[in-house]
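Now for the letters of each chain:
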Amino acid sequence: MTSTTPLLATEDVTVSYSGKEALHATSLSFERGSVTALIGPSGCGKSTFLRSLNLMNREIPGCRIGGSILYHGKDVNTRGVDTYQLRKQIGMVFQQPNPFRKSIRENIAFAPKRHGLSGKANIDALVEESLRAAALWDEVKDKLDQSAYALSGGQQQRLCIARTLAMHPDVVLMDEPCSALDPIATYSIEETIRDMAKRGICVVIVTHNMEQAARVSDKTAFFLLGDMVEFGPTPELFSRPKDKRLDDYLTGRFG
Ligand SMILES: Nc1ncnc2c1ncn2[C@@H]1O[C@H](COP(=O)(O)OP(=O)(O)OP(=O)(O)O)[C@@H](O)[C@H]1O
């Protein structure tokens with residue numbers, strides 16, 4: 001890998017479900033310490049593209065991913081790739097918070113312990129570090145052994161982010177992480193996203209909320225009907241869209 005190799009890139013990635021193409025040849029690259037928003041109307045392939053980045057769609061029967069997914073310059077869209085390891089490095093946060101039916105502490109510690117972390121002091125340190133990184137520590141530090149299900153929706157989503165961060169990922173994929181949350185919980189998650197980028201993590205986020213894309217992202221990609229239509233720095237893309245279809249979308253003429 002050279003200094004100019006992007007952390008993560010796709011080359012002509014196509015995705016089909018049972019032979020029907022949902023995403024047409026998409027080439028994009030993502031840098032360390034950046035936030036990229038994926039926008040576009042419902043059904044245009046945003047989640048499909050996001051899920052291809054850590055090969056999540058491979059678990060769907062009938063789904064086929066074509067093209068190259070270059071992580072640290074190496075194609076991971078191959079048969080031999082260790083998807084368990086890949087998803088540790090390229091983590092995912094879903095639309096609906098999905099904590100484990102376990103304590104707050106175990107939600108964080110479960111996967112790192114399976115990956116070999118041991119010793120109470122090490123585990124406690126990781127739990128605290130991860131919860132702090134997701135801006136949840138102060139709210140839960142006195143009830144780490146309570147069920148994660150007793151937390152609010154916004155707290156559960158921050159716990160899911162903390163759980164992902166505990167694996168020290170390079171990349172975090174987020175699929176509409178705030179769509180089930182109120183504005184205050186949303187604000188807190190957006191702050192966490194910016195903090196993650198400051199710490200060098202590459203974040204890719206699907207959002208339907210244009211204000212959110214403008215607030216959190218450095219770059220934006222606009223998808224339409226399975227095509228990636230326009231990609232660029234977020235302020236430029238929003239203020240001077242090059243493609244008329246993006247202009248129409250931003251001004252509410254369709255979508
Ligand atoms: N598991 C699946 N099986 C079959 N088809 C699917 C599956 N997931 C998505 N598709 C199809 O792929 C296309 C793109 O869907 P996708 O969910 O990627 O779009 P999206 O832009 O993320 O939409 P939304 O904003 O509504 O979440 C749609 O036509 C959808 O019906």
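Since this is a predicted model, take the numbers as computed values, not measurements.

Thresholds applied
Residues numbered from 1 in each chain as written. Predicted model: local features only at pLDDT ≥ 70, side-chain atom pairs only at ≥ 80, totals over all residues. Heavy atoms only, no water. Axes fitted to C-alpha atoms, helices over the stretch in contact; angles between N-to-C directions. Helix = DSSP H or I, 4+ residues; strand = E, 2+ residues; numbered from the N terminus. Parallel < 35°, antiparallel > 145°, perpendicular 65-115°, else oblique. Left-handed = near helix turned anticlockwise from the far one by under 90°. Contact = heavy atoms within 4.5 Å. Nonpolar A, V, L, I, M, F, W, Y, C, P; charged D, E, K, R; others polar. Pairing = 2+ DSSP bridges. Salt bridge = Lys/Arg side-chain N within 4 Å of Asp/Glu carboxyl O. Buried < 20%, exposed > 50% of the residue type's maximum accessible area, 1.4 Å probe, protein only. Near = heavy atom within 4 Å. Polar contact = N/O pair within 3.5 Å; in protein donor to acceptor, adjacent residues only side chain to side chain. Areas by Shrake-Rupley, 256 points an atom, 1.4 Å probe, with all protein chains shown as cover. Phe/Tyr/Trp six-rings, centres within 6.5 Å; stacked < 30°, edge-to-face > 60°. Lys NZ or Arg CZ within 6 Å of the ring centre and 35° of its normal. UniProt positions renumbered as here; feature names shortened; annotations may be inferred.

Examining the packing of helix α6 (residues 153-165) against helix α7 (residues 183-198)
Packed helices, taken two at a time, are described by the angle their axes make and the gap between the axes.
Next up, step 1: Put simply, α6 and α7 touch, their axes get as near as 9 Å, and they point 15 degrees apart. It follows from the interaxial angle that α6 and α7 lie roughly parallel. Like other packed secondary-structure pairs, α6 and α7 cross with a definite hand, here right-handed. In contact with Gly154, Gln157, Arg158, Ile161 and Leu165 of α6, α7 contributes Ala185, Ser188, Ile189, Thr192 and Met196.
Next up, step 2: Considering only residue class, the contact of α6 with α7 consists of five nonpolar, four polar and one charged.

Re the sheet that holds strand β2 (residues 20-30)
Next up, step 1: In spatial order, the strands read β2-β1-β4-β5; together these four strands make up an open sheet with antiparallel pairing. This sheet does not close on itself; its edge strands, each paired only once, are β2 and β5 (74-75).
Next up, step 2: Pairing geometry for strand β4 (residues 63-71) and β5, over two bridges, is antiparallel. From the neighbouring strand, Leu70 faces β5, where its bridge partner is Asp75.

What to know about the pattern of salt bridges
Next up, step 1: Per the counting criterion, the structure on display carries 15 salt bridges.
Next up, step 2: Across the pair Arg51 and Asp175 runs a salt bridge whose closest N-O atoms are separated by 3.3 Å. Residue Arg51 is located in helix α1 (residues 46-52), and its partner Asp175 is located in strand β7 (residues 171-175); the two are separated by 124 residues in the primary sequence.
Next up, step 3: We classify Arg51 as partly exposed; its relative accessible area is 26%.
Next up, step 4: Between Lys198 and Asp195 there is a salt bridge, with its nearest N and O atoms 3.7 Å apart. Of the two residues, Lys198 and Asp195 both sit in helix α7, three residues apart, roughly one turn of that helix.
Next up, step 5: A relative accessible area of 34% places Asp195 in the partly exposed class.
Next up, step 6: Taken together, the shared-partner salt bridges in this structure form one network comprising Arg105, Lys120, Asp124 and Asp145.

Concerning the site of the ligand
Next up, step 1: With respect to spatial proximity, 13 residues lie near the ligand, and among them Ser42, Gly43, Lys46, Thr48 and His208 are the closest.
Next up, step 2: Gly43 has a polar backbone atom sitting 2.8 Å from an oxygen atom of the ligand.
Next up, step 3: Residue Thr48 places a side-chain N or O atom 2.5 Å away from an oxygen atom belonging to the ligand.
Next up, step 4: Relative to its free-state accessible area of 630 Å², the ligand is covered by the protein chains to the extent of 60%.
Next up, step 5: Among the elements that make up the shell around the ligand, the one with the highest residue count is α1 (three residues).
Next up, step 6: Here the residues of the shell around the ligand sort into five nonpolar, six polar and two charged.

Focus on the packing of aromatic side chains
The geometry of an aromatic ring pair is captured by the separation of the ring centres together with the interplanar angle, meaning the angle of the planes.
Next up, step 1: Throughout the structure, instances matching the rule amount to four aromatic pairs.
Next up, step 2: Centroid distance Phe49 to Phe223: 5.5 Å. Interplanar angle 40 degrees. Geometry classified as tilted. Highlighted residues: Phe49 in helix α1 and Phe223 in strand β9 (residues 219-224), separated in sequence by 174 residues. As far as the burial class goes, Phe49 and Phe223 line up, both buried.
Next up, step 3: Between the aromatic rings of Phe100 and Phe110, the centroid separation amounts to 5.6 Å while the plane-to-plane angle is 70 degrees, which identifies the pairing as edge-to-face. Remark: Phe110 occurs in helix α3 (residues 104-114) and Phe100 occurs in the loop between β6 (90-93) and α3; sequence separation between them is ten residues.
Next up, step 4: We classify Phe100 as partly exposed; its relative accessible area is 30%.
Next up, step 5: Take Phe110: its relative accessible area is 27%, and that puts it in the partly exposed class.
Next up, step 6: Ring pairs connect the aromatic residues Phe30, Phe49 and Phe223, which therefore count as one cluster.
Next up, step 7: A cation over an aromatic ring shows up here: Arg163 above the ring of Phe100, its NZ or CZ 4.3 Å from the ring centre.

Points about the UniProt feature "domain: ABC transporter" (unreviewed entry) in the protein
Next up, step 1: Mapped onto the present numbering, the UniProt feature "domain: ABC transporter" (unreviewed entry) falls at residues 8-250.
Next up, step 2: This span, residues 8-250, is 38% helix and 26% strand, and a straight line between its end C-alpha atoms measures 27 Å.

As for the sheet that holds strand β3 (residues 35-39)
Next up, step 1: In space, the six strands of this open sheet follow the order β6-β7-β8-β3-β9-β10, with mixed pairing throughout. Of all strands in the sheet, those with a lone pairing partner are β6 and β10 (227-233), marking the two edges. For this sheet, the mean angle separating the axes of adjacent strands, direction not counted, is 15 degrees.
Next up, step 2: The sheet strands contacting α6 are β6 and β7, and the helix crosses β6 at an angle near 170 degrees.

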